[in-house]
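Below are the chains, spelled out letter by letter.
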Amino acid sequence: MTKHRLLRPFPLTLSAIALLSGVFGNSEDANAESPEEKGLKIAQSLDRANEGYASESSTMEMTLVNAHGDKTSRKMKSQILETKDDGDKSRIEFEWPADVKGTRMLTWTHKKDDDDQWLFLPAIKRVKRISSKNKSGSFMGSEFTYEDLGSQEVEKFKHKFLADEMQNGRKIWKMERIPTAADSGYSKQIAWVDREYNNPIKIEYYDRKGELLKTAAFSDFKKFGKFWRLGKLEMKNHQTRKYSTLVWHDRKVGVAVDNALFESDELEN
Amino acid sequence: MSQLLTPKAFFTGGLFCLIALSTTANAQWAVESRGELGLETRVFQPDDNPGTNDQNVAAAARLQVDSRKGDLRLRFRGFVRHDQTDRGRSAAFPEEAWAQWKGERFSLTVGWDMVTWTATEAFHPADVVNARYFDSNVENFEKVGEPLAQLRMKLGQGNISAYLMPYFTSPIFPSAQSRLSFTGPGVSMGGARWLTRDGDITRDRLGAQWAVNLQQTVGDADLSFHVLQNQDRYNPVIGIDPTRLEVHPLFKPVTQIGGTYQQVIEGLIAKAEFAYRYYDRSDAKPSPTFIALDPRQLTENRDHGVAALGLEYSVSHDIGWESTFIVEGQSVFAEGKGLNGNARIRHELNIFQRDVMGGLRLAFQDAADSTLLLFAVVDLENAEQMFGNLGYNRRLGEEWSLKAGLRFFNLPPKNPDMPVGFERWHKANQFTLTLMRHF
């Protein structure tokens, strides 16, 4: 987990809408661009528009549902610190199931390089550096991978604008994103981005063979100051028929957090 | 409970617990707790020796209570094991029982604590501050809390810590009936004796021990360096008290310099740990209450270095499983003839004197967090000597977990009077099963 989409997927401020309208609202200007150029501009604008949130905290509840409908739950606390010139820093503490209570993960995301990650194991009171290279690994046994929840920096995808659409009366950009990392678990992603929320409301994930693997549905958006944040994320795996949901509680945006908490040697505190 | 640390330790630990619990009545204190309660079984391959226990059944519990108010924190974490089949194996000790003040750049911690200076998975030459519970897994002996005061200061991308440890905490030895006994069946290990820097042998547990540890993150690497001066707790000199006809361990004063390193290189995690240990006294004044069984252990130069290197690599499979491959090696460099030093001394100083470990951790990435751990440790100087492990653990529901393991040891026969090094695990092939409820 990194600059977590689970915490801040495709975020954008309302104040950026005017900018976006200026950039993309004119269909003639837009038509003058290639789909790749327009896709990149949208992605960059989404990224710029979210700058300035400073920090964020929330608690999250994840429910795993297998093909038979059996459910298990996970709970965690999250804090994110925005940084200048590079990716954000995040710290997640697992609270449930009881056997992983107290386990903490720190991630420093980077715009281009692989993220730095550390794990604190409370049973042996040890901080262990872990590799963020294994992007397609499952996050806590769920249908989310580290890649799904991790850094979504603009530079980590090739973007392509596909279409303007209307869904349930809402204006949508349909976008294609191809991960630039050779070790990505996906060949491509198709995202439907709500132009008011400036967040995706749906993403389809295609596996390395090009077959549809999973679909993520984003919902329950709320506005925090000028930032929109989702309240629920559901990921369905079409190949295993399992699904996982992630629900946010007690989200606070822009609250003061102790910067020292985002140092690896502070993980045990 | 035959090997409680000291009444004082438990009084203090209990006091911390009471303070933490009492704060639940005060809304200004934030209190959290967690713990586990389990049933442990261990079955050895029979050794046809009526003096040893081939089976152990024990109840184990761990409780942690944290309390926080502003810059102040209190923690109590205690562990209890009650072995119904071998009362001498029962033990209870604080792992952590401390009070902490934490400011912006400095923190001060006072009480019992676990200090972790390690980077590798199987070999831990640098991680020697805490005494250990020697009747636990050989590659990761459980730690006993160490009474200390720690002053920590933020420095660069990390910190520097100074430790003062005024009390010698003895390791907890296997019982006289244990298959892993240091002394042979039927012979109990008495209380620890300590060799002072003046050459005296004493039972007095108070004395100056200190350490300084520097920890830094540099790019993709985490580094630490330390200097430690304390009483060794890993290489006891076994001797007898002729006035009481008891067997006792004697521990020498030691100075250690060491460090750890972890770095991610293109998905590969490189790890290293090293330590050089200078024994501050290799002799002792004659004592009427302690005669070493092997006098050479008190007269020979036992200064030595230990280095461990490791690599770890994880890969995800299309079916969702994740494999982590681990390779580690450790070598002991002792004083003596040639680069290899004296093989006998190395054998006595460390269980893994020149060994390689290869392992696979297979995580099934399911809701139960099922994991299979397979590893083998082979002695490079004698490839017939090896130890293998097959372990499986999973969650049962959301509050219970199950851990099962098979261990196989191919090691030389024990010296019947005083097993040395890894000999203690000769034919200690075992099956373990632990059912744990977490809360």
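How each quantity is defined
Each residue is numbered by its place in its chain's sequence as written, counting from 1. For naming, the first written chain is A and the first written ligand is 1, with later ones following in the order written. A pLDDT threshold of at least 70 governs which residues receive local features in this predicted model, and a stricter bar of 80 or more applies before side-chain atom pairs are shown or counted, although totals over entire chains, interfaces and linings include all residues. Secondary structure is summarised from DSSP: a helix means a run of H or I of at least four residues, a strand means a run of E of at least two, and numbering begins at the N terminus for each. For a compact globule the rule gives 2.2 Å times the number of residues to the power 0.38, and the radius of gyration it is set against comes from C-alpha atoms. Remark: C-beta atoms are placed from the backbone, and a residue is labelled buried if 20 or more other C-beta atoms sit within 10 Å of its own, exposed if 12 or fewer do, or partly exposed between those counts. By the convention adopted here, residues make contact when the C-beta atoms placed from their backbones lie within 7 Å. A set of buried Ala, Val, Leu, Ile, Met, Phe, Trp, Tyr and Cys residues, joined to one another through C-beta atoms within 7 Å, is what we call a nonpolar core. A helix is expected to reach a length of 1.5 Å times the quantity of its residues less one. By definition, the arc is the one covered by directions from the helix axis to the C-beta atoms. In the scheme used here, Gly and all other residues not listed as nonpolar or charged are polar, with Ala, Val, Leu, Ile, Met, Phe, Trp, Tyr, Cys and Pro taken as nonpolar and Asp, Glu, Lys and Arg as charged. Strands qualify as paired when DSSP identifies two bridges or more between them. Scored between 0 and 100, pLDDT is the confidence that the predictor attaches to each residue.

1. Quick word on the overall build of chain B
Check the secondary structure of chain B and you find 3 helices and 25 strands. Rg of the C-alpha trace for chain B: 22 Å, near the compact-globule value of 22 Å for 439 residues, within the 12% margin. Taking the principal axes of the C-alpha coordinates as reference, chain B spans close to 60 × 50 × 45 Å. The buried share among the 439 residues of chain B stands at 42%. Of the contacts made within chain B by residues no fewer than 6 positions apart, 59% connect residues no fewer than 24 positions apart.

2. Focus: the overall build of chain A
The number of helices and strands found in chain A is 4 helices and 15 strands. Counting all 269 residues of chain A, 45% fall into the buried class. Look at the contacts in chain A between residues 6 or more apart in sequence, and 50% of them connect residues 24 or more apart.

3. A word on the nonpolar core
Ile42(A), Trp173(A), Met175(A), Val193(A) and Leu233(A) are the most contacted members of the largest nonpolar core, which totals 40 residues. Formed by 34 residues, the second largest nonpolar core is a distinct cluster that contains Trp117(B), Val129(B), Val356(B) and Val377(B).

4. Quick word on helix α3 (residues 35-49) of chain A
The α-helix winds at 3.6 residues per turn, so residues separated by three or four positions along the chain end up facing the same way. Residues and elements named next belong to chain A. Under the 1.5 Å per step criterion, the end-to-end length of α3 is 21 Å for 15 residues, consistent within 8% with the ideal 21 Å. Every buried residue of α3 is accounted for by Lys38, Gly39, Ile42, Ala43, Ser45, Leu46 and Ala49. Mapping the buried residues of α3 onto a view down its axis gives an arc of 160°, with all of them on the same face.

5. Digging into the environment of Thr120(B)
Residue and element names in this part refer to chain B. Its place among the elements puts threonine 120 in the loop between β5 (106-113) and β6 (132-133). Along the primary structure threonine 120 and glutamate 328 are separated by 208 residues, whereas in three dimensions their C-alpha atoms are 7.6 Å apart. Ignoring anything within four residues of it in the chain, the contact list for threonine 120 reads Lys271, Glu273, Ala308, Gly310 and Glu328.

6. Looking at the interface of chain B and chain A
Each side of the interface is counted separately: chain B has 31 residues, and chain A has 24 residues. Its residues assigned to classes, the side of chain B that touches chain A shows 6 nonpolar, 14 polar and 11 charged.

7. What about the sheet that holds strand β11 (residues 201-202) of chain B?
All names here are of chain B. Strand order in this open sheet of 5 strands is β11-β10-β15-β14-β18, and the pairing throughout is mixed. Pairing within the sheet leaves two strands with one partner each, and these edge strands are β11 and β18 (291-292). Of the strand pairs in this sheet, strand β10 (residues 193-195) and β11 are connected by 2 bridges, and their pairing is antiparallel. Its bridge partner lying in β11, tryptophan 194 is registered against threonine 202.

8. What about the pairing of strand β3 (residues 89-96) of chain A?
Residue and element names in this part refer to chain A. Where strand β2 (residues 71-81) and β3 come together, 7 bridges link them in antiparallel fashion. Within β3, the position partnered with leucine 81 by the bridge is lysine 89. The pairing of β3 with strand β4 (residues 104-108) spans 5 bridges and is classified as antiparallel. Along β4, the bridge assignment pairs isoleucine 92 with methionine 105.

9. A look at the environment of Phe274(B)
Topologically, Phe274(B) is positioned in strand β17 (residues 268-279). Between the alpha carbons of Phe274(B) and Thr260(B) there is a distance of 6.6 Å; along the sequence they are 14 residues apart.

10. Things to note about the pairing of strand β19 (residues 304-316) of chain B
All names here are of chain B. Pairing of β17 with β19, which is carried by 10 bridges, proceeds in the antiparallel orientation. Its bridge partner being in β19, glutamate 273 is matched across the sheet by alanine 308. Across 13 bridges, the pairing between β19 and strand β20 (residues 322-334) is antiparallel. Bridge assignment links serine 314 to a residue of β20, and that residue is threonine 324. Following β19, the chain reverses through 5 residues before pairing antiparallel with β20; glycine 320 in that reversal takes a positive phi of roughly 100°.

11. Regarding the confidence of the model for chain A
In low-pLDDT segments, the atomic positions of the prediction should not be examined closely. Residue and element names in this part refer to chain A. Chain-level pLDDT for chain A is 85 on average; 88% of the residues reach the 70-or-more range. Looking across chain A, the model is least confident in helix α1 (residues 15-24), with a mean pLDDT of 34, and most confident in strand β14 (residues 232-237), with 97. Every residue in residues 1-30 is under pLDDT 50, and counting partners more than four places away or in other chains gives 76 contacts.

12. Some thoughts on unusual backbone geometry
Residue Pro97(A) is bonded to the preceding Trp96(A) through a cis peptide linkage, with omega at 5°. If you check the backbone angles, Leu245(B) has positive phi at about 55° while not being a glycine. Following the sequence through the fold, Leu245(B) ends up in the loop between β14 (237-241) and β15 (246-251).

13. Section: the environment of Ser224(B)
Residues and elements named next belong to chain B. One can find serine 224 in strand β13 (residues 221-231). In this structure, the C-alpha to C-alpha distance between serine 224 and valine 31, residues 193 residues apart in sequence, is 32 Å. When residues no more than four places from it in sequence are discounted, the contact partners of serine 224 are Trp117, Asn213, Leu214, Gln215, Gly259 and Thr260.

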